[in-house]
Amino acid sequence: SKSSSAKHAQTFQAPPFTLKELRDAVPAECFKHNTLISLGYVAWDLALAGSLFYLATGIDNGWGGLVDTSNPVVNFLFWCTYWVAQGVVCTGIWVIAHECGHGGFSAHRSLNHAVGWVLHSALLVPYFSWKITHGMHHKGCGNMDKDQVFVPHLRSDFAPRVRDEQTVVPEHSQEEEHEGDMFESAPIVDLLRLLRQQLFGWPAYILMNVSGQRFGKWASHFHTTSPVFTPDQANQVILSDLGIFIALSILGFLGSQFGFMAVVKYYVIPYFWVNHWLVMITFLQHTDVRLPHYRGAEWTFLKGALCTVDRDFGILNFFFHRITDTHVVHHLFSNMPFYNAGVATEAVKAKLGDFYLYDNEPIFWSLWNSYRSCRFVEDEGLFVYL
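What you see is a predicted model, and the numbers here were worked out from it, not measured in a lab.

*Asks:* Can you explain the overall build of the protein? Please cite residues and give values.
*Replies:* Of the regular secondary structure elements, the protein holds 16 helices and four strands. Taken against the 2.2 N^0.38 rule, which gives 21 Å for 386 residues, the C-alpha radius of gyration of the protein at 22 Å falls within 12% of a compact globule. The principal-axis extents of the C-alpha atoms in the protein amount to approximately 70 × 60 × 45 Å. Taken across its 386 residues, the protein has 48% of its residues classed as buried. Contacts in the protein between residues far apart in sequence, at least 24 positions, make up 71% of those at least 6 positions apart.

Here it is in structure tokens:
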């Protein structure tokens, strides 16, 4: 918003340190990969997901009569517990596949891609296609013209509602315009829009580039001629599509064998929980009134890498492999093994000083505050705030 932009622009300073100085502050062992440790995390997550699935198979019969689940309310509560828990665990699997795309899983490139492709395809993520755009996000984070995810709206996008008080829209009376402004900012309207973002934001992004960079035409992670990709990346897009096709085929086969509702209960609903956590994590990492966004020569990689906030998700930090509270370091050194990011974060905090942004408010409260406060940036300016 305009007020937050003015407030933070007054105190804006460029980082007084270099990326090399930050790297030198991190213990060298933090950059060393250990494939066995990484595979251990995969095994742990898959074991958790498999155990939850196995336990869920006993819900409807009360685990052989041990518990009376014949009451619809009790039955539903048990299923809700499974959906939430499985969504959390599968988000952890999602994160590991994300690390594969960065080369943070192993020093062996082929192993990174094999594990990442399998895990992400199983979660209906086009691994190579998203790896490409996510890499672009890291290379252009905070750049209004290059970033690829949660690119802020411009003031002009809200021209019908956000304007100078003296401006009159001929077809509307001032009273009608005021009522329209009140409706646009009503909490219930924001709540419905936020729910839409959390439920459908991820599919909308990979299918239609919603919240992504402006290309002036349809951009998608699924077609080779998308403006997001270069011609030499076509084979990676096709391989990503193949992974999704195989996963959907398996789900279709399971549906034919065990019924459509079985697939919905065991897979589809947890899948939407994964979407929720993914969107929430990414949104909160890069959406905050304290974060600047840059244009033109004002942007540098270091400035962009610092356009992120570490958030405390409580016990979920563990299940999400700390992508939540070590994201600043992840943007500085994206191929660092994720299991070393905690040590690295502690090492760079002193060097970063006020440039290290951290938030330990309850995460859903932060989600609501950021969604309500961070509307748009100004159309002009080399650095702007939400």
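*Asks:* With reference to specific residues and values, describe the packing of helix 10 (residues 234–258) against helix 11 (residues 260–286).
*Replies:* Close contact between helix 10 and helix 11 brings their axes to 6 Å; oriented N to C, the two are set at 125 degrees. By the angle between their axes, helix 10 is oblique relative to helix 11. In contact with Leu251, Leu254, Gly255 and Phe258 of helix 10, helix 11 contributes Phe260, Ala262, Val263 and Tyr267. Residues belonging to the contact of helix 10 with helix 11 are distributed by class as follows: seven nonpolar, one polar and no charged.

*Asks:* Which residues make up helix 6 (residues 109–122), and what are the values?
*Replies:* An ideal rise of 1.5 Å per residue puts 20 Å on 14 residues; helix 6 measures up with 20 Å between its terminal C-alpha atoms. The complete set of buried residues in helix 6 reads Asn112, His113, Val115, Gly116, Leu119, His120 and Ser121. Contact partners of the buried residues in helix 6: helix 3 (35–56), helix 5 (72–102), helix 7 (127–139) and helix 10. Leu124 sits one or two residues past helix 6 and shows a positive phi near 60 degrees.

*Asks:* Run through the pattern of salt bridges, naming residues and quoting values.
*Replies:* Under the criterion given, the structure shown has 12 salt bridges. Between Asp24 and Lys20 there is a salt bridge, with its nearest N and O atoms 2.8 Å apart. On the criterion of helical spacing, the pair formed by Asp24 and Lys20 is a turn pair, its members being four residues apart in helix 2 (residues 19–25). With relative accessibility at 52%, the residue Asp24 sits in the exposed group. Given the relative accessible area of 57%, Lys20 is considered exposed. A salt bridge links Arg311 to Asp359; the shortest N-O distance between them is 3.2 Å. Of this pair, Arg311 sits in strand 2 (residues 310–311) while Asp359 sits in strand 3 (residues 358–359); the two residues are 48 residues apart in sequence, bridging distant segments of the chain. Each of the two residues, Arg311 as well as Asp359, counts as buried. Salt bridges here are not isolated pairs; linked through shared partners, they connect Asp288, Arg290, Arg311 and Asp359.

*Asks:* Tell me about the packing of helix 5 against helix 7, and name the residues and values.
*Replies:* Running from N to C, helix 5 and helix 7 point in directions that differ by 70 degrees, and their axes come no closer than 10 Å. Classified by the angle their axes make, helix 5 and helix 7 are roughly perpendicular. Contacts from Trp94, Ala97, His98, Cys100, Gly101 and His102 in helix 5 reach Tyr127, Trp130, Lys131, His134 and His138 in helix 7.

*Asks:* Give me the lowdown on the environment of Val228, citing residues and values where you can.
*Replies:* Structurally, Val228 can be placed in the loop between helix 9 (187–208) and helix 10. Not counting residues up to four positions away in its chain, the partners in contact with Val228 are Thr133, Met136, Phe215, Ala219 and Gln233.

*Asks:* Describe the side chain of Ser366, with residues and values.
*Replies:* You can see Ser366 is positioned in helix 16 (residues 363–373). When neighbours within four sequence positions are excluded, Ser366 is seen to be in contact with Leu284, Arg311, Asp359 and Glu361.

*Asks:* Please set out the packing of aromatic side chains residue by residue, giving values where relevant.
*Replies:* Pairs of aromatic rings are described using the distance from one ring centre to the other and the angle between the two planes. Enumeration according to the criterion identifies 28 aromatic pairs in this entry. Arranged with centres 6.4 Å apart and planes meeting at 15 degrees, the rings of Tyr356 and Tyr358 form a pair that is stacked. Its relative accessible area of 13% is what places Tyr356 among the buried residues. An aromatic cluster is built from Phe53, Phe76, Trp79, Tyr82, Trp83 and Tyr266, whose rings are joined through pairwise contacts. Lying across the ring of Phe31, Arg23 places its NZ or CZ 3.9 Å from the centre. Over the ring of Tyr358 we find Lys349; its NZ or CZ atom is 6.0 Å from the centre of that ring.

*Asks:* Describe in detail a nonpolar patch on the surface, supporting the description with residues and values.
*Replies:* A cluster of nonpolar side chains, contributed by Leu239, Leu242, Phe245, Ile246, Ile250, Phe253, Leu254 and Phe258, occupies part of the molecular surface with about 780 Å² of accessible area. Mapped onto the secondary structure, Phe245 falls in helix 10. Taking relative accessible area as the criterion, Phe245 reaches 55% and is therefore assigned exposed.

*Asks:* How would you explain the environment of Leu66 if you had to name every residue and give the values?
*Replies:* Examined against the element boundaries, Leu66 turns out to sit in the loop between helix 4 (62–65) and helix 5. For the pair formed by Leu66 and Ala186, sequence separation is 120 residues and the distance between their alpha carbons is 48 Å.

*Asks:* Pulling in residues and values, what's your account of the side chain of Thr326?
*Replies:* Along the chain, Thr326 turns up in the loop between helix 13 (316–319) and helix 14 (327–332). Apart from residues no more than four positions distant in its own chain, Thr326 is found in contact with Asp310, Ala341, Gly342 and Thr345.

*Asks:* Any details on the nonpolar core? Residues and values, ideally.
*Replies:* Counting 46 residues, the largest nonpolar core has Trp94, Trp202, Trp277, Phe313 and Phe320 as its most contacted members. Within the residue set of this core, elements represented by two or more residues are helix 3, helix 5, helix 6, helix 7, helix 9, helix 10, helix 11 and helix 16. Not counting residues within four places of it along the chain, the set of residues in contact with Trp277 comprises Gly87, Val88, Thr91, Phe313, Leu316, Phe320, Ile363 and Phe364. Formed by 17 residues, the second largest nonpolar core is a distinct cluster that contains Val26, Leu306, Met336 and Val348.

About the thresholds
Residue numbers here run from 1 along each chain, matching the order of that chain's written sequence. Thresholds applied to this predicted model are a pLDDT of at least 70 for local features of residues and 80 or more for the giving and counting of side-chain atom pairs; totals over whole chains, interfaces and linings are not thresholded and use all residues. Each side-chain value is worked out from all heavy atoms of the structure, with water and hydrogens disregarded. Think of it this way: any DSSP run of H or I at least four residues long counts as a helix, any run of E at least two long counts as a strand, and we number them from the N terminus. C-alpha atoms define the radius of gyration in this analysis, and the globule rule sets the expected value at 2.2 Å times the number of residues to the power 0.38. Here the term buried applies to any residue with accessible area under 20% of the maximum for its type, exposed to any over 50%, and partly exposed to those in between, with areas from a 1.4 Å probe on protein chains only. In this analysis, two residues are considered to be in contact whenever any of their non-hydrogen atoms come within 4.5 Å of each other. Lines fitted to C-alpha atoms define the axes here, with helix axes fitted over just the stretch in contact, and angles between the N-to-C directions of these axes take values from 0 to 180 degrees. Oblique is the label for any angle not covered by the other classes, which are roughly parallel (under 35 degrees), roughly antiparallel (over 145) and roughly perpendicular (65 to 115). Polar here means any residue other than Ala, Val, Leu, Ile, Met, Phe, Trp, Tyr, Cys and Pro, which are nonpolar, and Asp, Glu, Lys and Arg, which are charged; Gly is therefore polar. Expected helix span is computed as 1.5 Å times (number of residues minus one). Here, a salt bridge means any side-chain nitrogen of Lys or Arg that lies within 4 Å of a carboxyl oxygen of Asp or Glu. A pair of Phe, Tyr and Trp rings is counted when the ring centres sit within 6.5 Å of each other, with Trp represented by its six-membered ring. The angle between the planes then sorts it: under 30 degrees is stacked, over 60 is edge-to-face, the rest tilted. Two limits define a charge over a ring: the Lys NZ or Arg CZ must be within 6 Å of the ring centre, and within 35 degrees of the ring normal. Residues forming no salt bridge and having over 30% relative accessible area are the ones grouped into patches, like charges within 9 Å of each other and nonpolar side chains (Val, Leu, Ile, Met, Phe, Trp, Tyr) within 5 Å. Surface accessibility in these figures is a Shrake-Rupley result with a 1.4 Å probe; residues are shielded only by whichever protein chains are displayed. For the purposes of this section, nonpolar cores are sets of buried Ala, Val, Leu, Ile, Met, Phe, Trp, Tyr and Cys residues that join through side-chain atoms within 4.5 Å.

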